Each structure stands twice: as structure tokens, then as C-alpha cells.
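Examining the three-dimensional arrangement
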Amino acid sequence: MPDHHILQNSQFCPVCSEEIAFQARYPRYVCMDCASIATDINGRKLLFYNVDASGGFLAFYADTNEIYDSHQCFINGLECRADEAKFGGIVIQVN
Ligand SMILES: [Zn+2]
């Protein structure tokens, strides 16, 4: 049953519908292209990082490097939440 294989190994970005790797833990995570255009509510571009190799979450404004003290972000008008991923890196999910 070929469809079963596809369903287990991919899902779709909720912002742009790009096919992305299946992540059972993150059913509404966005693709890398969409993650790269995340902004605050006023449209200022944000960058997200882990604190260190063990994880954690940091967000900065891309233009001034000020700390952005929130997990909330927006991509194409959709409200999202950025956070540290379970196994490293940052994951952004549409709310
Ligand atoms: Zn996308």
C-alpha cells in the first residue's frame, strides 16, 4: 500500500504547503523557507537560536540584535510559536 509509506514520511508546511519530513511530535511545523521569514507582530524579522548545544531558546530582532522576549511570531499573517525542538534546533509551529 504505497500511500501508507508516503503518509508516514511526509507532511505539509501549514504556511506554504511545501512537502516536509513527517514529525509526529510537530504536526503543524513550518518549512525552513517559512521559518526564515518569521517576524514579530509589527513585521520585524526575527532570528531564533538555541542557547547552547544542550538546547534552550533565544530570539533576536534581525535588524538590531535586540532580544525578543517571546515565542510568538508571524509568518504570512499566521500566528506561530517558535521553541526549542526536542532533539536540538528550533521548531516553529502555526498556532
Ligand atoms: Zn513553508
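For the structure itself, look to the data block above.
Residues numbered from 1 in each chain as written. Predicted model: local features only at pLDDT ≥ 70, side-chain atom pairs only at ≥ 80, totals over all residues. Heavy atoms only, no water.

To continue, consider the coordination of the zinc ion. Those protein atoms acting as donors to the zinc ion are Cys13 (SG), Cys16 (SG), Cys31 (SG) and Cys34 (SG), and they sit at 2.3 Å. Around the zinc ion, the four donor atoms sit at angles spanning 105 to 117°, and that spread fits a shape best called tetrahedral. Mapped onto the polypeptide sequence, the residues donating to the zinc ion form the spacing pattern C-x2-C-x14-C-x2-C. A residue pair is termed long-range when its members are at least 10 positions apart, and Cys16 in the loop between strand E1 (10-12) and strand E2 (19-21) and Cys31 in the loop between E2 and helix H2 (32-35) qualify at 15 residues. (Donors = N, O, S within 2.8 Å, 3.2 Å for Na, K, Ca; no water. Tetrahedral: all angles 85-135°; square planar, octahedral: opposite > 155°, others 65-115°. Helix = DSSP H or I, 4+ residues; strand = E, 2+ residues; numbered from the N terminus.)

Taken as a whole and judged by the stated rule, the model has three salt bridges. Salt-bridge contacts for Asp63 lead to Arg44; the nearest nitrogen and oxygen are separated by 3.1 Å. Placement of the pair is Asp63 in the loop between strand E4 (58-61) and strand E5 (72-75) and Arg44 in the loop between H2 and strand E3 (46-49), with a sequence separation of 19 residues. Across the pair Glu66 and Arg44 runs a salt bridge whose closest N-O atoms are separated by 3.2 Å. (Salt bridge = Lys/Arg side-chain N within 4 Å of Asp/Glu carboxyl O.)

Moving on: the state of the cysteines. Using the criterion set out here, one finds zero disulfides in the structure. Cys80 takes part in no disulfide bond, and the closest cysteine sulfur, belonging to Cys73, lies 4.9 Å away. (Disulfide = S-S within 2.5 Å.)

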